[in-house]
Amino acid sequence: MPRRTPSAPDPEPAAPPAEQVPYGSELYWRVRRDVMDGRFPPGSPLLETTLSSDYGVSRTPMREALGLLEHDGLLERAPRGFRVRSGTAEDVVEIYEARIALESEAAASAALRATELDLARLRHQHEVILAAGDEGSAARTASFRFHELLWQAAHNATITDLLVKLTARLRIYDSGPPSPFGGVDPLQEEHQLILGALHDHAPDRARDAARAHLRRSLEQRINTLVGDDGPPP
């Protein structure tokens, strides 16, 4: 039976593992999640006093949480406080190119540093993606989780932290329903090439495979932007 086309693989990035969480504020993660979920549309104002009341906290922790989100690039200063950052198509492409540079190096590092547990998790996630088919958000979450596991397998907290921030910014720049990603077969083949390079401890192959995979994803985004068919995948 032919496989069906999954949805795009870029959902909201999950919070990193506890040892890699840059900020311990529960309020920070609550507000971040709401920003990522679209509760505050791009460009909408975020007033410290209003948010403090909405979240049931004082102004000081809210001010700190908003400052951290500004540092992450999710918010920007506005005349009366902050607002959710908005971006152009060029911004999306630039951020994605930065992601490609970092994630391809993460793959090369993972080829040298991944543990047997890391590899087992990646293999399992690869099977989860195939089982998800075109199950909408489930397929998107499963595919993006593969990438998160790849970052973690690199055992480089700095690269992981930067990738979490970059993909979060990509998520808030996208809006509306996800576009098709181009078929499960290419996705399966590309992930399999990455996995093979990791198992063979071949950093150059891993780097090239990850870069080619993400370049195809970027082309999907560019094609969608140029064709004005909806948000980037």
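Residues numbered from 1 in each chain as written. Predicted model: local features only at pLDDT ≥ 70, side-chain atom pairs only at ≥ 80, totals over all residues. Heavy atoms only, no water.

**Comments concerning the overall build of the chain**
Right, so step 1: Within the chain, the secondary structure is distributed over nine helices and three strands.
Right, so step 2: Scanning the chain from its N terminus toward the C terminus, one meets helices and strands in the order α-β-α-α-β-β-α-α-α-α-α-α.
Right, so step 3: Looking at the chain as a whole, 49% of its 233 residues qualify as buried.
Right, so step 4: Relative to all contacts within the chain whose residues are 6 or more apart in sequence, the contacts with residues 24 or more apart total 74%.
Right, so step 5: Accessible surface computed for the chain: about 11100 Å², of which carbon and sulfur atoms make up 50%. (Helix = DSSP H or I, 4+ residues; strand = E, 2+ residues; numbered from the N terminus. Buried < 20%, exposed > 50% of the residue type's maximum accessible area, 1.4 Å probe, protein only. Contact = heavy atoms within 4.5 Å. Areas by Shrake-Rupley, 256 points an atom, 1.4 Å probe, with all protein chains shown as cover.)

**Regarding the packing of aromatic side chains**
Right, so step 1: This structure, assessed with the given rule, holds two aromatic pairs.
Right, so step 2: The interplanar angle of 75° and the centroid separation of 4.8 Å between the aromatic rings of Y28 and W29 together place this pair among those described as edge-to-face. Side by side, Y28 and W29 carry an identical accessibility label, which is buried.
Right, so step 3: Residues F144 and W151 carry aromatic rings whose centres are separated by 5.6 Å and whose planes lie at 90° to one another, so their mutual orientation is edge-to-face. (Phe/Tyr/Trp six-rings, centres within 6.5 Å; stacked < 30°, edge-to-face > 60°.)

**Quick word on the pairing of strand 2 (residues 75-78)**
Right, so step 1: Examined bridge by bridge, strand 2 and strand 3 (residues 81-84) share four bridges and lie antiparallel to one another. Following the sheet pairing, A78 is matched in strand 3 by G81.
Right, so step 2: Hairpin connection of strand 2 to strand 3: two residues between the antiparallel strands. (Pairing = 2+ DSSP bridges.)

**What about the sheet that holds strand 2?**
Right, so step 1: Spatially, the three strands line up as an open sheet ordered 1-3-2, and their pairing is antiparallel. If you trace the sheet from one side to the other, it starts and ends with strand 1 (45-46) and strand 2, each paired once.
Right, so step 2: As defined by bridge partners, strand 1 adjoins strand 3 across two bridges and the pair is classed as antiparallel. When the bridges of strand 3 are listed, P45 appears paired with R83.
Right, so step 3: Each of strand 1, strand 2 and strand 3 is contacted by helix 3 (residues 59-72), which is oriented at about 115° to strand 2, the strand it contacts most. (Axes fitted to C-alpha atoms, helices over the stretch in contact; angles between N-to-C directions.)

**As for the nonpolar core**
Right, so step 1: Counting residues in hydrophobic clusters, the biggest one holds 30 residues, and the most contacted among them are L46 and L75.
Right, so step 2: The set of elements that each furnish at least two residues to this core consists of helix 1 (26-36), helix 2 (48-55), helix 3, strand 3, helix 4 (89-113), helix 7 (157-173) and helix 9 (203-227).
Right, so step 3: It is helix 1 that contributes the most residues to this core, six residues altogether.
Right, so step 4: In this structure, L149, A153, L195 and A209 belong to the second largest nonpolar core, which totals 20 residues. (Core = buried A, V, L, I, M, F, W, Y, C linked by side-chain atoms within 4.5 Å.)

**What about helix 1?**
Right, so step 1: Burial of helix 1 is extensive: eight of the eleven residues sit out of reach of the surface.
Right, so step 2: Among the residues making up helix 1, those that are buried are L27, Y28, W29, V31, R32, D34, V35 and M36.
Right, so step 3: Structurally, helix 1 contributes buried residues whose contacts are with helix 2, helix 3, strand 2, strand 3 and helix 7.
Right, so step 4: Just past helix 1, the residue G38 takes up positive phi, approximately 85°.

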